[in-house]
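Take a look at the letters that make up each chain.
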Amino acid sequence: MSPAKAEKETTGPVSGFKLLLLTLMVIQNSSAVLLGRYARTSVPKDDLFNVNHLVLVTEVAKLILSSILEFHATNGGLLNSVKENILDRPLSALKISIPALLYLIQNTLLYVALSNLAAPIFQVTYQAKLATTAVVSVIMLNRRYNLKQWICLVVLSLGVALVVLGEKKEEKQEEESDKPSQSLTVGLISVSTACICSALAGVYFEKVLKKGESENGVARAPVSMWMRNMQLSIFSIIIGAMQGLGQGGDEEPQPYFHGFNACVWGLVALQAGGGMLVAAVIKYADNVLKGLATGVSVVVGTTFSAVFFGTILTGQFSVGAVMILVSVYFFSNELPKFLSGSKSVEMAPMLPR
């Protein structure tokens, strides 16, 4: 498909397809958070899966899915595509090792956060990645944002503070000593660091994707998203394997797939499919869909967490959540005409992972 045709399809009337992507993003985001928390908190500590093992298995699944999609996109020319974009151009492929490392750190920290935060707290505080991505975009891509968008970022930050301060901690001391302990501080530090990694990796990845390459003065066709995903997965697997080998300690290392029950395998499938979904959103969707999907997933995750995990939500939490939902939506969308007296500058798309 030519770039012109792809652009035409992207900007054309694809509201039905965008609605499908929105639905899939909401389902994937909310399900991954809820299932991840359940998988980490519903079993005894000795039966917990190793986070590094889960990340590696997920990356292998992403590599397989990306290879299948690249095979389809190149009409069976997968091996030739690998030769052209990896073996013959190793320096170009090495650029992806940087976001691969950042994404690996991010994913690992997210599971640590899920183990220490209630799903609503995790969902809402993780939305700070939008503000972090905006700041990194200004620094790395020289982006400009209008006053409305910066106000939205301030409101979002205040909303996050309200949500954290409004969490009603349950003081019930569980007698089940074999369940893993939780720490709000560890969870918040983990999710904050994950936001920074997400911003750096996303903006750098966007820069690599959008920066044209040339060879001997001749412009080359851009590398496909599926090939870039393959490169990301390859480097993530290598880095994750090295990380696993470097983990020492007195404890006996757990065998691979220890604690991998049906719930964990479902989480692997959700995360692998989510990686492909992000690629589709980047290619076909816009900020309206991303903003709506982010906000709706927070609401869905909060609702189901209250139903299934008995999470207690205060009025302060609700106010903060509304502030975040509103700011996330209007950061990527125009204000109503009766609230805006001038034309707003369109925001350039961002690519958070």
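Residues numbered from 1 in each chain as written. Predicted model: local features only at pLDDT ≥ 70, side-chain atom pairs only at ≥ 80, totals over all residues. Heavy atoms only, no water.

## Details of the packing of helix 3 (residues 51-73) against helix 6 (residues 97-116)
At their nearest, the axes of helix 3 and helix 6 sit 10 Å apart, and the two run at 130° to each other. It follows that helix 3 is oblique to helix 6 by the angle criterion. Like other packed secondary-structure pairs, helix 3 and helix 6 cross with a definite hand, here right-handed. Packed against helix 3, whose contacting residues are V51, L54, V55 and E59, the element helix 6 presents L104, N107, T108 and Y111 at the interface. Considering only residue class, the contact of helix 3 with helix 6 consists of 5 nonpolar, 2 polar and 1 charged. (Axes fitted to C-alpha atoms, helices over the stretch in contact; angles between N-to-C directions. Helix = DSSP H or I, 4+ residues; strand = E, 2+ residues; numbered from the N terminus. Parallel < 35°, antiparallel > 145°, perpendicular 65-115°, else oblique. Left-handed = near helix turned anticlockwise from the far one by under 90°. Contact = heavy atoms within 4.5 Å. Nonpolar A, V, L, I, M, F, W, Y, C, P; charged D, E, K, R; others polar.)

## With respect to the confidence of the model for the protein chain
Close reading of the predicted structure is inappropriate where its pLDDT is low. Mean pLDDT over the protein chain stands at 75; residues scoring 70 or higher make up 75%. No element of the protein chain has a lower mean pLDDT than helix 1 (residues 3-11), at 41, and none a higher one than helix 3, at 90. Here residues 1-14 is a poorly scored stretch, pLDDT under 50, and it has 5 contacts once near neighbours within four places are set aside; other chains count. Contacts from residues 342-353, a stretch scored under 50 in pLDDT, to residues over four places away or in other chains number 42 contacts. (pLDDT = per-residue confidence, 0-100.)

## Quick notes on helix 4 (residues 78-87)
Those residues of helix 4 that sit buried are L78, S81, N85 and I86. All buried residues of helix 4 fall inside an arc of 90° around its axis, so they share one side. Seen from the open side of helix 4, the exposed residues pointing more than 90 degrees away from its buried face are L79 and L87. (Buried < 20%, exposed > 50% of the residue type's maximum accessible area, 1.4 Å probe, protein only. Arc of directions from axis to C-beta.)

## Describing the state of the cysteines
Counted under the stated rule, the structure contains 0 disulfides. C195 takes part in no disulfide bond, and the closest cysteine sulfur to it belongs to C197, at a distance of 9.4 Å. Exposure remark for C195: the relative accessible area of 3% places this residue in the buried category. By relative accessible area, which is 7% here, C197 ends up buried. (Disulfide = S-S within 2.5 Å.)

## Overview of the pattern of salt bridges
For the structure on display, the rule yields 2 salt bridges. Taking the shortest distance from any N to any O, the salt bridge between K62 and E59 comes out at 3.7 Å. Here K62 and its partner E59 are both found in helix 3, 3 residues apart, which amounts to about one turn of the helix. Judged on exposure class, the residue K62 and its partner E59 are both buried. D88 is the partner of K83 in a salt bridge, and the nearest nitrogen-oxygen pair spans 3.0 Å. Residue classification places K83 among the partly exposed positions, given a relative accessible area of 41%. (Salt bridge = Lys/Arg side-chain N within 4 Å of Asp/Glu carboxyl O.)

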